[in-house]
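# Commentary on secondary and tertiary structure
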Amino acid sequence: MSRFRPVDRQTGYLLPPSVDDWLPEGHLARFIVEVIDGLDLGPFFGRLWRCRF
């Protein structure tokens, strides 16, 4: 009895390799990512780690 799962190499991706492939320019999700990238989250994560440990 084999423990390997059968593989169908003809099956496409469940999701595209990149979100950029299916999110159009100007999509709200792109804007949110840009805003979050611009935030300084150091103080937030510093406090989070101090509270958890």
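Residues numbered from 1 in each chain as written. Predicted model: local features only at pLDDT ≥ 70, side-chain atom pairs only at ≥ 80, totals over all residues. Heavy atoms only, no water.

## Section: the overall build of the protein
Which entries qualify depends on this criterion: Counting from the N terminus, the helices are the DSSP runs of H or I reaching at least four residues and the strands are the DSSP runs of E reaching at least two. Each residue is assigned to one of three classes by its accessible area relative to the maximum for its type, calculated with a 1.4 Å probe on protein chains only: buried under 20%, partly exposed between the two thresholds, exposed over 50%.
On a plain count of helices and strands, the protein comes out with two helices and zero strands. For the protein, with 53 residues in total, the buried portion stands at 4%.

## Observations regarding the pattern of salt bridges
Just so we agree on the cut-off: Salt bridges, as used here, are contacts in which a Lys or Arg side-chain nitrogen is within 4 Å of a carboxyl oxygen on Asp or Glu.
All chains considered together, the criterion is met by two salt bridges. Arg30 serves as the salt-bridge partner of Glu25, at 3.9 Å between the closest nitrogen and oxygen. Put simply, Asp20, Glu25 and Arg30 are held in one network by salt bridges that share partners.

## Some details on the packing of aromatic side chains
Definition in use: We call Phe, Tyr and Trp rings a pair once their centres come within 6.5 Å, taking the six-membered ring for Trp, and we label the pair stacked below 30 degrees between planes, edge-to-face above 60, and tilted otherwise.
Evaluation of the coordinates by the stated rule reveals one aromatic pair. On the numbers, 5.1 Å between centres and 70 degrees between planes, the contact of Phe44 with Phe45 is edge-to-face. For Phe45, a relative accessible area of 39% gives the class partly exposed.

## Topic: the environment of Asp40
Formally: The term polar contact refers here to a pair of N or O atoms within 3.5 Å; inside protein, the definition further demands a hydrogen-donor-capable atom paired with an acceptor-capable atom, and it admits residues adjacent in sequence only when both atoms are side-chain atoms.
With respect to the secondary-structure elements, Asp40 resides in the loop between α1 (28–38) and α2 (42–52). On the basis of relative accessibility, which here comes to 64%, the residue Asp40 falls in the exposed class. A polar side-chain atom of Asp40 sits 3.2 Å from the main-chain amide nitrogen of Gly42.

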